[in-house]
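Each chain, letter by letter, is given below.
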Amino acid sequence: MARGSLPPHDLADISRAAEGASRVEWACEQMPVLARIRERFAQQRPLEGIRIGACLHVTAETGSLLLTLAAGGAQTSLCSANPLSVQDDVAAALVGEYGITVRAAYGEDADAYAGHVRETLAEHPQVTIDDGADLLVVAHTIGADALDGLIGGTEETTTGLVRLRRLEQDGRLACPVLAVNEARTERALNDRHGTGQSALDGIVRATHVLLAGLTIVVVGYGWAGQGIAERARGAGGAVIVCEVDPLRALEARMAGYEVMPSLQAAERGDVFVTVTGSRRVLRREHFERMKDGAILANAGHFDVELDLEDLRDLASGGVREVRPLVDAYELADGRRLNLLARGRVVNLAAAEGHPAAVMDVSFALQALCVEALVDQSDGMLPPGVHPVPESIDREVGRLKLAALGVQIDEPTAEQEHYRESWI
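Read on for an overview of the structure. What you are looking at is a predicted structure, and each value in this text was computed from that prediction instead of being measured.

### Thoughts on the sheet that holds strand E15 (residues 336-340)
Okay, step 1: Strand order in the open sheet made by the eight strands is E10-E9-E8-E11-E12-E15-E14-E13, with mixed pairing throughout. Of all strands in the sheet, those with a lone pairing partner are strand E10 (258-259) and strand E13 (319-323), marking the two edges.
Okay, step 2: Where strand E12 (residues 295-298) lies against E15, two bridges are found, and the strand directions are parallel. Following the sheet pairing, leucine 296 is matched in E15 by leucine 339.
Okay, step 3: Sitting on the sheet, helix H10 (residues 223-234) touches strand E8 (215-219), strand E9 (238-242) and strand E11 (271-274), and the angle it makes with E8 is about 170°.

Structural data, given as structure tokens:
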């Protein structure tokens, strides 16, 4: 693409486009489900002329999704869902090689981040794709100018759905949103296997610690927490689970983990991983009990699960970077607590996020959900948070099995009759 024809962009370094294109090509090769959808989109053009605003982690895998949307005829504008997850070479490739509008740079400050979100909304997207609900929440803050013409949106995270359901409960949510995060295929692959592997990958990359023999405290035992606990145990760690939900706590106990209140676990843990979607789950009273050298990591979307203000207040001995992405907070008694990636989501800030094979399923869901929203643009879906249609969930599962070379049984007519009667 000629430099003069570049789309609007705000990047760290456009000269890295060729480098990033190689990464995007590699990701595309690892994402066969999305490739099948991209082939169909290129033939049918179901998104012709649709403006899409996306606030996602700027990674090579995200690039594969954007190429799929473009193949369907969409005009997409991308900003980052997390300044520490931006792959600058990929951002450059999306602009310089593929002609997609991108406003994102690794480490951008809060003002630049907020500005990029607003600039994306200024292009009046008809469909939003969110990872944390920033686009839709800001759109509702702006009001009619950002909401007019909005067909609907999709949301990738638990945290984002909490924010959107709050808008819905207040009677303010102005469009339908498909809860991609709660699709069956998303929960099973993205949350459990994706976060399970990539969170520990980020912790090990940042610290270079041996997990075997350490006590690893997992705060939150949803799908993502289950994956982290499972892989921590597989790496030789002694796992403690902390939960507020009695059923999840019971499930953790029956899976063989120690379960206890977080204040009790604070005294025993070597590594702490928060994955709740909530706020201040580890705070002053926890930090005061932790042993010297404890490692603090967050695998939730926003940097609010660890109370960073409390941690700073306790660090009377100062804060210093001891490794890239590891800050040591020295407490008054000389103990040091090691915070990873400034409390940002560790699997992306300290590693590369979920493997492409996992994001293949997540982004296939996103692509098909965008298509479904455009198909119903005459208003069949009312404003509110809606589940992903079962037909989409099953289609993505079918395509993923086919990509893996796996065949399954088909129910007989009699079995299908009984299944339908139970449903």
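### Points about the state of the cysteines
A covalent bond bridging the sulfur atoms of two cysteines is what the word disulfide describes.
Okay, step 1: Under the definition given, this model contains zero disulfides.
Okay, step 2: The thiol sulfur of cysteine 79 is not disulfide-bonded, and the nearest other cysteine sulfur, from cysteine 55, lies at 3.8 Å.
Okay, step 3: You can see cysteine 175 has no disulfide; the closest cysteine sulfur is in cysteine 369, sitting 14 Å from it.
Okay, step 4: Using a relative accessible area of 1% as the deciding quantity, one classes cysteine 175 as buried.

### Quick notes on the side chain of arginine 103
Okay, step 1: Mapped onto the fold, arginine 103 is located in strand E4 (residues 101-103).
Okay, step 2: Take arginine 103: its relative accessible area is 8%, and that puts it in the buried class.
Okay, step 3: Polar side-chain contacts of arginine 103 include one of 3.2 Å to the side chain of serine 77.
Okay, step 4: Non-local contacts of arginine 103, meaning those with residues more than four positions away in its chain, are made with Pro8, Asp10, Ser77, Leu78, Cys79, Ser80, His116, Glu119, Thr120 and Glu123.

### Looking at the packing of aromatic side chains
Okay, step 1: For the coordinates displayed, the defined rule picks out one aromatic pair.
Okay, step 2: When the centroid spacing of 6.0 Å and the interplanar angle of 70° are considered together, the rings of tyrosine 221 and tyrosine 257 count as edge-to-face. One end of the pair, tyrosine 221, is in the loop between E8 and H10; the other, tyrosine 257, is in the loop between helix H11 (246-254) and E10, and 36 residues separate them in sequence.
Okay, step 3: Taking the relative accessible area as the measure of exposure, tyrosine 221 reaches 5% and is therefore buried.
Okay, step 4: By relative accessible area, which is 2% here, tyrosine 257 ends up buried.

### A few points about unusual backbone geometry
When glycine is set aside, most residues are seen to have a negative phi, and most peptide bonds are trans.
Okay, step 1: Positive phi outside glycine occurs at arginine 45, with the angle close to 50°.
Okay, step 2: Residue placement: arginine 45 occurs in the loop between helix H2 (32-44) and strand E2 (51-56).
Okay, step 3: Looking at arginine 45, the relative accessible area reads 35%, which means it is partly exposed.
Okay, step 4: Even without being a glycine, alanine 133 presents a positive backbone phi close to 75°.
Okay, step 5: As for its placement among the helices and strands, alanine 133 is situated in the loop between strand E5 (127-130) and helix H6 (134-142).

### Description of the pairing of E9
Okay, step 1: In terms of burial, E9 is a largely internal element, four of the five residues being buried.
Okay, step 2: The handedness of the E8 to E9 crossover, carried by H10, is right-handed.
Okay, step 3: As defined by bridge partners, E9 adjoins E10 across two bridges and the pair is classed as parallel. Looking at E10, one finds that valine 241 is bridged to valine 259.
Okay, step 4: For the handedness criterion, the β-α-β arrangement of E9, H11 and E10 is classed as right-handed.

Cut-offs applied
- Residues numbered from 1 in each chain as written.
- Predicted model: local features only at pLDDT ≥ 70, side-chain atom pairs only at ≥ 80, totals over all residues.
- Heavy atoms only, no water.
- Pairing = 2+ DSSP bridges.
- Helix = DSSP H or I, 4+ residues; strand = E, 2+ residues; numbered from the N terminus.
- Contact = heavy atoms within 4.5 Å.
- Axes fitted to C-alpha atoms, helices over the stretch in contact; angles between N-to-C directions.
- Disulfide = S-S within 2.5 Å.
- Buried < 20%, exposed > 50% of the residue type's maximum accessible area, 1.4 Å probe, protein only.
- Polar contact = N/O pair within 3.5 Å; in protein donor to acceptor, adjacent residues only side chain to side chain.
- Phe/Tyr/Trp six-rings, centres within 6.5 Å; stacked < 30°, edge-to-face > 60°.
- Right-handed = clockwise from strand over helix to strand, strands pointing away.

So far we have only geometry, and geometry alone does not tell us how the molecule works.
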